[in-house]
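Next come the chains, spelled out residue by residue.
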Amino acid sequence: MPRPPFRSAPPAAASALQPPRHGLARVLSKLGACSRSQAEQWVRDGRVSVEGRVVRDPYHPTLIDRQRVAVDGQVVKPVECVYVAFNKPRGLVVSASDEHGRATVYTALAAAGLPWLGPVGRLDKASEGLLLLSNDTSWASAITDPATHLDKTYHVQVAGRPDASTLEAMLRGVEDADDRLVARRASLLRTGEKNAWLEVVLDEGRNRHIRRLLAVLGFDVLRLIRVAIGPLALGGLAKGQWRRLSADEVRSLAAPSVR
């Protein structure tokens, strides 16, 4: 039989051999220089150059390992990946800066001598407890990806005394004006005369999820403390204090959850 004519590799196969390009702002974030939003502003302000040429487009395709990126003339080099657990006090905003001038988690970390770190997930201003921060954007994305279903455990103080039917309703799910809200697990920890503490586990994180869920059921949240993310517990970490995660802890959080 005649030999079939030679065909060159399709464009998709050829492109797979090329090193990946990312938007310039994302490259700055991946290098650990700053947050993505701050990088976008730096680029638009004309502070960033690629191979000596100022670039003002935050989405300019850039090779992270092969092109020289500089901010204010200083070449940006990859920094050590840092992974931090922080016990967030109530009243701090999880943001690098706040347009209303409120104190942020970065205010509390300012004296720590750490490189720029981005929050891995969020806690609202009124909430407390375990918050992860890192400059490893790939690791952070794996943890916050809804597909991983990483459990987050909260201790929640509510006004009133929920009964078994309330807990069952939390597990079935409720509807509010915007979403369907459901808890993966919910249990009663203890009760007082006028309030109670619940343990609530979520495997997703919608905005003000627990507060909205309980509001539909007629309960106001008095305190909300995140006590664990996946296998990592807040433990004895004092309020307002931080610590670096061990290599084993970093790996355990990035691993797929086991149900």
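Residues numbered from 1 in each chain as written. Predicted model: local features only at pLDDT ≥ 70, side-chain atom pairs only at ≥ 80, totals over all residues. Heavy atoms only, no water.

The chain appears in an unreviewed UniProt entry as Pseudouridine synthase from Rhodanobacter denitrificans. According to UniProt, the comment filed for the chain under the heading Sequence similarities (unreviewed entry) is "Belongs to the pseudouridine synthase RsuA family." (UniProt positions renumbered as here; feature names shortened; annotations may be inferred.)

Participant: Whenever I open this one, the pairing of strand E10 (residues 152–159) confuses me. Can you help?
Facilitator: Most of E10 is tucked away: 6 of the 8 residues are buried. Pairing between E10 and strand E14 (residues 195–202): 8 bridges, direction antiparallel. Within E14, the residue paired with His155 across the bridge is Glu199. Note that E10 and strand E15 (residues 221–229) share 7 bridges and pair antiparallel. (Buried < 20%, exposed > 50% of the residue type's maximum accessible area, 1.4 Å probe, protein only. Helix = DSSP H or I, 4+ residues; strand = E, 2+ residues; numbered from the N terminus. Pairing = 2+ DSSP bridges.)

Participant: What's the story with the nonpolar core in this structure? I'm lost.
Facilitator: In globular proteins that are soluble, nonpolar side chains generally tend to be buried together. Among the nonpolar cores identified, the biggest contains 32 residues, and Leu133, Val156, Val158, Met170, Val200, Ile210 and Leu214 are the most heavily contacted of them. At the level of elements, strand E7 (83–88), helix H4 (105–109), strand E9 (128–134), E10, helix H6 (164–172), E14, helix H7 (209–216) and E15 are the ones that each hand at least two residues to this core. With 4 residues, the top contributor of residues to this core is E14. When we break this core down by domain, the ones giving at least three residues each are domain 2 (83–146 + 233–254) and domain 3 (151–229). Excluding residues that lie within four positions of it along the chain, Met170 makes contacts with Val182, Ala183, Ala186, Leu198, Val200, Leu213, Leu214 and Leu217. Counting residues in hydrophobic clusters, the runner-up holds 16 residues, among them Leu132, Ile143, Leu232 and Leu234. (Core = buried A, V, L, I, M, F, W, Y, C linked by side-chain atoms within 4.5 Å. Domains from an automatic or database assignment. Contact = heavy atoms within 4.5 Å.)

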